[in-house]
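Report on the structure
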Amino acid sequence: MDRQSRPWRSVLYIPGSKERALEKATGLAADAIIFDLEDAVAVEEKPRARQLLAQTLKTRDYGGRARIVRINGLDTDWGRDDVLAFAGIEIEAILIPKVNSAADLDAVAALIPGVDLWAMMETPLGMLNAAEIAAHPRLTGMVMGTNDLAKDLGSRFRADRLPMMAGLGLCVLAGRAHGVTLIDGVYNAFKDAEGLLFECEQGRDMGFDGKTLIHPDQLAIANTAFAPSEAEIALAARQIEAFDAALAAGQGVAVVDGKIVENLHIVTAKATLAKAAAIAALAGGEGL
Ligand SMILES: CC(C)(COP(=O)(O)OP(=O)(O)OC[C@H]1O[C@@H](n2cnc3c(N)ncnc32)[C@H](O)[C@@H]1OP(=O)(O)O)[C@@H](O)C(=O)NCCC(=O)NCCSC(=O)C[C@H](O)C(=O)O
Ligand SMILES: [Mg+2]
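Just so you know, these numbers come straight off a predicted model, no measurement behind them.

Re the overall build of the protein
Helix and strand counts for the protein come out as 12 helices and 10 strands. Expressed as a percentage of the 288 residues in the protein, the buried residues total 42%. In the protein, of all internal contacts separated by at least 6 residues, the share reaching a separation of at least 24 is 66%.

Let's talk about the UniProt feature "binding site: Mg(2+)" (unreviewed entry) in the protein
Mapped onto the present numbering, the UniProt feature "binding site: Mg(2+)" (unreviewed entry) falls on Glu122 and Asp148. For this annotated set, covering 27 residues, all C-alpha atoms fall within 5.5 Å of each other, a compact arrangement in space. Topologically, Glu122 is positioned in the loop between strand E5 (116-121) and helix H5 (124-128). Discounting chain neighbours no more than four positions away, the residues touching Glu122 are Lys98, Met144, Gly145, Asp148 and Leu149. Among the structural elements, Asp148 can be located in helix H7 (residues 146-153). Each residue touching Asp148, except ones within four places of it in the same chain, is listed here: Lys98, Glu122 and Thr123.

Side note on the nonpolar core
One recurring pattern in soluble globular proteins: nonpolar side chains tend to sit buried together. Grouped together as the largest cluster of nonpolar side chains are 67 residues, with contacts concentrated most on Ile94 and Ala119. Take this core: its biggest share by element is 5 residues, from E5. Contacts of Ile94, omitting those with residues within four sequence positions, involve Val69, Ile71, Val83, Phe86, Val108, Ile112, Val115, Leu117 and Trp118.

Here we look at helix H11 (residues 230-248)
Its 19 residues place the ends of H11 27 Å apart at the C-alpha level, agreeing with the 27 Å of an ideal helix rising 1.5 Å per residue. Where H11 terminates, the next one or two residues include Gly250, which has phi positive at roughly 80°.

Topic: the site of ligand 1
Close contacts around ligand 1 come from 23 residues, with Tyr13, Ala40, Gly145, Asn147 and Asp148 the closest. At the level of secondary structure, the elements contributing two or more residues to the shell around ligand 1 comprise strand E1 (10-15), helix H1 (19-24) and H7. Among the elements that make up the shell around ligand 1, the one with the highest residue count is E1 (4 residues). Grouping the constituent residues of the shell around ligand 1 by class yields 12 nonpolar, 5 polar and 6 charged.

Some points on the pairing of strand E4 (residues 93-96)
Of the two faces of E4, the one lined by Ala93 and Leu95 and the one lined by Ile94 and Ile96 are each fully buried. Across 3 bridges, strand E3 (residues 66-70) lies against E4 in parallel orientation. If you follow Arg70 over to E4, its bridge partner there is Leu95. The handedness of the E3 to E4 crossover, carried by helix H3 (residues 79-85), is right-handed.

Describing unusual backbone geometry
In this structure, Lys98 is a non-glycine residue whose phi angle is positive, near 50°. Tracing the sequence through the fold places Lys98 in the loop between E4 and helix H4 (102-111). Given 19 C-beta atoms within 10 Å, Lys98 falls into the partly exposed group. Phi is positive for Asp257, which is not a glycine, with a value near 55°. The residue Asp257 is located in the loop between strand E9 (254-256) and strand E10 (259-261) in this model. By C-beta crowding, Asp257 is classed as exposed, having 9 other C-beta atoms within 10 Å.

Comments concerning the sheet that holds E3
In a beta sheet, neighbouring strands are held together by backbone hydrogen bonds and run either parallel or antiparallel to one another. The strand order E1-E2-E3-E4-E5-E6-E7-E8 describes a closed barrel built from 8 strands, whose pairing is parallel. Taken over all neighbouring pairs, the strand axes of this sheet differ in orientation by 25° on average, direction set aside.

Quick word on the environment of Pro216
The residue Pro216 is located in the loop between strand E8 (210-213) and helix H10 (219-225) in this model. The exposure class assigned to Pro216 is partly exposed, which follows from the 18 C-beta atoms found within 10 Å. In sequence terms Pro216 and Phe190 are 26 residues apart; their C-alpha atoms lie 9.0 Å from each other.

What about the UniProt feature "domain: HpcH/HpaI aldolase/citrate lyase" (unreviewed entry) in the protein?
The positions that UniProt labels "domain: HpcH/HpaI aldolase/citrate lyase" (unreviewed entry) are, in the present scheme, residues 9-216. In residues 9-216, the share of helix is 39% and the share of strand is 19%. The end C-alpha atoms are 13 Å apart.

A word on the environment of Ala236
Following the sequence through the fold, Ala236 ends up in helix H11. Between the alpha carbons of Ala236 and Asp148 there is a distance of 38 Å; along the sequence they are 88 residues apart. Setting aside residues no more than four positions away along its own chain, Ala236 makes contact with Ala269, Thr272 and Leu273.

As for the pairing of strand E7 (residues 181-184)
Covered by surrounding structure in E7 are Thr181 and Ile183 together with Leu182 and Asp184, the residues of both alternating faces. Pairing between strand E6 (residues 139-144) and E7: 3 bridges, direction parallel. Following the sheet pairing, Met142 is matched in E7 by Leu182. The pairing of E7 with E8 spans 2 bridges and is parallel. What sits directly across from Asp184, in E8, is Lys211.

What counts and what doesn't
- Residues numbered from 1 in each chain as written.
- Chains lettered and ligands numbered in written order.
- Predicted model: local features only at pLDDT ≥ 70, side-chain atom pairs only at ≥ 80, totals over all residues.
- Helix = DSSP H or I, 4+ residues; strand = E, 2+ residues; numbered from the N terminus.
- Buried ≥ 20, exposed ≤ 12 C-beta atoms within 10 Å, placed from the backbone.
- Contact = placed C-beta atoms within 7 Å.
- UniProt positions renumbered as here; feature names shortened; annotations may be inferred.
- Core = buried A, V, L, I, M, F, W, Y, C linked by C-beta atoms within 7 Å.
- Expected span 1.5 Å × (residues − 1).
- Near = placed C-beta within 6 Å.
- Nonpolar A, V, L, I, M, F, W, Y, C, P; charged D, E, K, R; others polar.
- Pairing = 2+ DSSP bridges.
- Right-handed = clockwise from strand over helix to strand, strands pointing away.
- Axes fitted to C-alpha atoms, helices over the stretch in contact; angles between N-to-C directions.

Right, dumping it as structure tokens:
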């Protein structure tokens, strides 16, 4: 399944140093996995984690789950070796932390040709430069880093995430302008299902494709929140049917449930049905 048509509802971080978690993920209902070498791995574990992860990705079968590797930044002792360790290994993308500008992507692109790049959007400067980052020819995904952003902003946690809305909104605008996959940040309180659901629904309302997660217990909530609901699927089918009937009658507009349906709504309706079909295909054998 290609990037544009595959589901990205749930994107699970796994510390590259944790063998048990690396094994467990082969059976978890995640649409994608971020194998992390950055913040989830202690300094003294960095080289071992890199080696373990490279070996794991060569030998383990993660089915249809997209495989993304988060490296350490090139300004650290480990970043360059991280990038080189994954040359020739089949992965969807390299995820670069704390991207501030398109030049940060150029530096990684020069080290590893032919691999998609994803950017962690988690610094104030990076978010202000979201447009040039999203326009980079190798960039295909953006992941919000809401912990680092809160740290740099000096903001406090709010359930409505008001302090980070400007930054998240810039990334959504830039990502959509350039056809980039958009993944929302993590919800730290991994035992708080209600809080996670609220944040997932907020992210879905904003236009994100899915959410990054830190614990397997969070998967089901994100998978439901970012999938089209039964009601949305039924409405999409009725809109398409009504619009086809309107066209056959020589009209350019239909009415469904008291609301107008024009060609642009049919684009959304078809995208809803395509997403539902892609989720069913992933669950039905290709992946989860
Ligand atoms: C948060 C955790 C440290 C909790 O770990 P633990 O106490 O071991 O959890 P459990 O005992 O409840 O685990 C139950 C089983 O699930 C497996 N497990 C746990 N987490 C994962 C996972 N992420 N992927 C796969 N499997 C997982 C355990 O091995 C247990 O299995 P079993 O033996 O069968 O019972 C832990 O969940 C964790 O380390 N999470 C990931 C943290 C992480 O990756 N952090 C970095 C990314 S977040 C970030 O950096 C965001 C961004 O940059 C920003 O700025 O915001
Ligand atoms: Mg971060």
